[in-house]
Amino acid sequence: MSKNKAPSSRRAEIQHLYQCYAAGQTTLPACALLRFLHKEQMELTANEETAESLIDRYEIEESARESRCMTFEGFLRYMESKDCCVFDQAHTSVYQDMDQPLSSYFISSSHNTYLMGDQLVGKSHLDAYVCALRKGCRCLEIDCWDGPDMEPVVYHGYTLTTKILFKDVISTVEQHAFEVSVYPVILSLENHCCQEQQEVMAQYLISILGDKLLRTPLDHPTTGDLPSPNDLKYKILIKNKKLKAQVKTETEESVDEVEEDEEEDDEEDEDQQTTAKFWSPRKAGSKTKKKKVVVAEALSDLVIYTRSVKFISFSHAKDNQNFYENTSMAEKKARKLAKASGADFIQHNQRFLSRIYPAGSRTSSSNYNPQEFWNVGSQLVALNFQSLGFPMDLNDGRFQDNGGCGYILKPAVLMSSQRSFDLGSSQHSVKPTHLLLKVISGSNLPIPRSGKALDPFVRVETHGIASDSRRKNTHTVKNNSLSPHWDADMNFSISFPELCLLRFCVRDQIGLLSSEFVGQYTLPFTSLKKGYRWVPLRSRDGCSLDPASLFVFVWYS
């Protein structure tokens with residue numbers, strides 16, 4: 001595009017492109033359209049047939065179609081269609097290899113899924129499970145407590161959050177589990193129930209979930225690896241502690257050995273201490289004596305490939321952990337380990353599932369940045385799905401890939417057997433990818449409640465390993481929500497594009513140093529299309545702000 005006076009609207013920008021390729025003719029012949037596809041859109045596999053099929057799809061003027069040409073109106077329709085979206089439309093379906101062990105995937109995971117609000121007085125609601133499942137979430141958390149009349153209840157223990165019935169949660173999961181994805185759902189139980197009520201839980205899981213519940217290991221000979229998402233289609237797995245195999249004594253009475261000290265204890269202790277601190281600061285120091293939960297055999301029998309064990313150390317796991325055992329840890333502990341021994345963490349996550357959950361001190365249900373734990377290959381990076389904002393934007397961006405099925409194949413760099421690989425180190429021998437972005441313009445940006453036109457600017461962020469995480473802003477355009485024009489060039493250098501997310505965020509400059517969120521869109525770098533593209537925008541709660549969008553030019557090498 002030549003640098004004459006800036007075009008005044010998206011339509012004018014597209015008209016300028018059209019005229020460059022129509023070369024003085026009134027319509028754009030198929031061969032010129034093909035040239036545009038090759039040269040600008042980098043659609044290198046496009047051929048004459050591709051160009052003609054676009055004419056058939058977007059040209060409505062009969063005479064132009066017959067002469068295999070496109071009028072400007074047809075070209076405009078094409079440029080504003082899904083075919084020119086910045087997100088690769090091939091990635092709106094499942095396209096990745098789904099036959100690798102579960103440990104080879106990032107899995108969309110929710111923390112305290114039952115909550116609609118904060119962790120202390122928030123409402124527990126079945127809708128929270130429906131919303132999470134409809135967002136493609138595949139690992140749900142259920143905190144189970146003894147309820148009246150032998151009916152186990154679900155709520156956040158030691159708090160005033162409301163209670164819902166365990167059986168209702170399971171019915172809701174049964175109904176919605178496979179609405180948006182056929183791949184397995186993991187129910188992560190934080191189990192505080194007495195043995196009798198655990199037996200009730202087991203009965204509900206069996207009777208309500210029926211064939212969907214995985215009750216026995218799969219037939220195919222496993223290579224000491226977890227099964228794949230394809231192996232477990234339409235199955236629901238229970239993640240909980242499990243009794244050790246029975247040991248026969250002299251008198252032939254069987255004795256169940258229970259793991260002494262298990263995974264959820266960490267999370268329970270943290271919850272209990274945090275809430276104690278909140279309700280009575282004086283008691284916080286003294287650790288309440290917690291009664292040990294012994295797993296009921298009926299419930300233990302339902303744990304097949306996701307047995308929760310306590311994390312001790314990477315070397316202990318290497319020597320002792322079985323492929324069907326997984327660990328959970330709070331973000332602070334995980335952050336420490338990632339900093340101190342990132343390479344070991346990556347290697348650990350090549351074989352075993354690990355779940356990370358938000359610190360108990362996040363009583364307002366805030367979230368951490370999930371990228372730091374994806375960087376070490378943790379599969380189950382659990383977030384509070386009810387809390388909107390930047391961490392959930394990243395989660396939504398990561399998991400809209402691969403058809404939104406909730407499973408994303410980890411990049412090869414996290415699965416490589418090169419022992420020394422550590423994403424935390426600043427020295428990488430890889431040749432970085434250079435991303436050139438031109439943020440050209442915006443269109444139909446939503447006007448704030450005040451009714452005053454925006455003073456918008458665009459912030460573009462890259463999120464990956466520490467050295468790949470950057471952000472750059474355009475200048476601010478005064479008083480223009482309808483068609484702000486920036487024409488701003490940005491350059492990024494990215495060492496590991498396969499781990500990287502790109503986030504476009506439109507903000508309204510309300511003061512010298514203050515701005516407010518208008519809309520955003522996040523996508524994986526690997527789903528980014530080159531050329532002239534439009535970027536859809538989403539609201540704070542992830543809803544489409546259509547017709548609001550950005551117009552950009554993307555190139556990388």
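Here the structure is a predicted model, which is why all the values come from computation and not from measurement.

**Points about the side chain of S308**
Its place among the elements puts S308 in strand β12 (residues 307-308). Here S308 falls in the buried class, since its relative accessible area comes to 0%. There is a polar contact of 3.5 Å between the side chain of S308 and the side chain of K239.

**Concerning unusual backbone geometry**
A cis amide bond links D546 with the next residue in sequence, P547, at an omega value of 10°. Tracing the sequence through the fold places P547 in strand β24 (residues 544-556). At A23, a position not held by glycine, the phi torsion is positive, near 45°. Structurally, A23 can be placed in the loop between α1 (10-22) and β1 (28-29). Judged by its relative accessible area of 58%, A23 is exposed.

**Description of a negative patch on the surface**
Where like charges cluster on the molecular surface, the negative patch consists of D146, E196, E199, E297 and D301. Assignment of secondary structure puts E199 in helix α8 (residues 195-209). Taking the relative accessible area as the measure of exposure, E199 reaches 37% and is therefore partly exposed.

**Here's the deal with the environment of K438**
Within the secondary structure, K438 sits in strand β17 (residues 433-443). Here the alpha-carbon distance between K438 and Y532, two residues 94 residues apart in the chain, equals 9.2 Å. Reaching out from K438, the side chain makes a polar contact with the side chain of D489 at a distance of 3.3 Å.

**So, the side chain of Q96**
With respect to the helices, strands and loops of the structure, Q96 is situated in the loop between α5 (72-79) and β3 (105-107). For Q96, a relative accessible area of 15% gives the class buried. Not counting chain neighbours up to four residues away, the residues in contact with Q96 comprise D401, N402, Y407, I408 and L409.

**Some details on the pattern of salt bridges**
According to the stated counting rule, one finds 20 salt bridges in the structure shown. Here E372 and R335 are joined by a salt bridge, their closest N and O atoms 3.0 Å apart. Of this pair, E372 sits in helix α14 (residues 371-374) while R335 is found in helix α12 (residues 331-340), placing the two residues 37 residues apart along the sequence. One salt bridge in this structure joins D489 and K438, with 3.3 Å as the shortest N-O distance. With D489 in strand β20 (residues 485-494) and K438 in strand β17, this pair connects stretches of sequence that are 51 residues apart. Salt bridges linked by common partners bring E331, R335, R362 and E372 together as one network.

**Observations concerning the pairing of strand β13 (residues 325-330)**
Among the six residues in β13, six count as buried, and that is most of the element. The two faces of β13 match: E325, T327 and M329 on one face and N326, S328 and A330 on the other face are all buried. Relative to β13, β12 runs parallel, the two sharing two bridges. When the bridges of β13 are listed, S308 appears paired with N326. Since β12 and β13 lie parallel, the crossover through helix α11 (residues 314-320) that links them has a hand, and here it is right-handed.

**A look at the packing of aromatic side chains**
Two descriptors summarise a pair of aromatic rings, namely the distance from one centre to the other and the angle between the planes of the rings. In this structure the tally under the stated criterion is 20 aromatic pairs. Aromatic side chains Y58 and Y78 sit 5.8 Å apart centroid to centroid with 50° between the ring planes, which places their arrangement in the tilted category. Residue Y58 is located in helix α3 (residues 48-58), and its partner Y78 is located in helix α5; the two are separated by 20 residues in the primary sequence. Residue Y78 is classed as buried on the basis of its relative accessible area of 2%. A network of ring pairs unites the aromatic residues Y18, Y21, F36, Y58, F72, F75 and Y78 as a single cluster. Over the aromatic face of Y556 sits the side chain of K530, whose NZ or CZ is 4.5 Å from the ring centroid.

**Here's the deal with helix α15 (residues 390-399)**
Burial of α15 is extensive: nine of the 10 residues sit out of reach of the surface. Looking only at α15, the buried set comprises P391, M392, D393, L394, N395, D396, G397, R398 and F399.

**Here's the deal with the nonpolar core**
Of all hydrophobic cores here, the largest spans 61 residues; its most connected members are F75, Y78, M79 and L435. No other element matches β24, which puts seven residues into this core. Core analysis: the next-biggest nonpolar cluster, separate from the first, contains 59 residues, L133, V173, A202 and L414 among them.

**Some details on the packing of helix α6 (residues 126-134) against helix α7 (residues 166-176)**
For the pair α6 and α7, interaxial distance at closest approach is 9 Å and the crossing angle is 25°. One element, α6, and the other, α7, form an angle in the roughly parallel class. The two elements α6 and α7 meet at a crossing, and its hand is right-handed. Contacts from L126, Y129, V130, L133 and R134 in α6 reach D168, V169, T172, V173 and H176 in α7. Of the residues belonging to the contact of α6 with α7, the class tally is six nonpolar, two polar and two charged.

**Some points on α6**
Along α6, the residues that are buried comprise A128, Y129, V130, A132 and L133. Taken together, the buried residues of α6 touch β5 (139-145), β6 (153-154), β7 (164-165), α7 and β8 (185-191). Of the residues flanking the end of α6, it is G136, one or two places downstream, whose phi is positive at about 90°.

**A closer look at the environment of S67**
Along the chain, S67 turns up in the loop between α4 (62-66) and β2 (69-70). Judged by relative accessible area, which is 45%, S67 ranks as partly exposed. The spacing of S67 and P29 is 38 residues in sequence and 8.0 Å in space, taken between C-alpha atoms.

**What to know about the confidence of the model for the protein**
Considering every residue of the protein, the mean pLDDT works out to 90; 87% of them sit at 70 or more. For residues 248-264, every residue scores under 50 in pLDDT, and the model assigns this stretch 37 contacts once sequence neighbours within four places are set aside. Note that pLDDT drops below 50 for residues 282-286; the model gives that stretch two contacts with residues more than four away or on any other chain.

The rules behind each value
- Residues numbered from 1 in each chain as written.
- Predicted model: local features only at pLDDT ≥ 70, side-chain atom pairs only at ≥ 80, totals over all residues.
- Heavy atoms only, no water.
- Helix = DSSP H or I, 4+ residues; strand = E, 2+ residues; numbered from the N terminus.
- Buried < 20%, exposed > 50% of the residue type's maximum accessible area, 1.4 Å probe, protein only.
- Polar contact = N/O pair within 3.5 Å; in protein donor to acceptor, adjacent residues only side chain to side chain.
- Patch = residues over 30% accessible without salt bridge, like charges linked within 9 Å, V, L, I, M, F, W, Y side chains within 5 Å.
- Areas by Shrake-Rupley, 256 points an atom, 1.4 Å probe, with all protein chains shown as cover.
- Salt bridge = Lys/Arg side-chain N within 4 Å of Asp/Glu carboxyl O.
- Lys, Arg positive; Asp, Glu negative; His and termini not counted.
- Charge placed at Lys NZ, Arg CZ, Asp CG, Glu CD.
- Contact = heavy atoms within 4.5 Å.
- Pairing = 2+ DSSP bridges.
- Right-handed = clockwise from strand over helix to strand, strands pointing away.
- Phe/Tyr/Trp six-rings, centres within 6.5 Å; stacked < 30°, edge-to-face > 60°.
- Lys NZ or Arg CZ within 6 Å of the ring centre and 35° of its normal.
- Core = buried A, V, L, I, M, F, W, Y, C linked by side-chain atoms within 4.5 Å.
- Axes fitted to C-alpha atoms, helices over the stretch in contact; angles between N-to-C directions.
- Parallel < 35°, antiparallel > 145°, perpendicular 65-115°, else oblique.
- Left-handed = near helix turned anticlockwise from the far one by under 90°.
- Nonpolar A, V, L, I, M, F, W, Y, C, P; charged D, E, K, R; others polar.
- pLDDT = per-residue confidence, 0-100.

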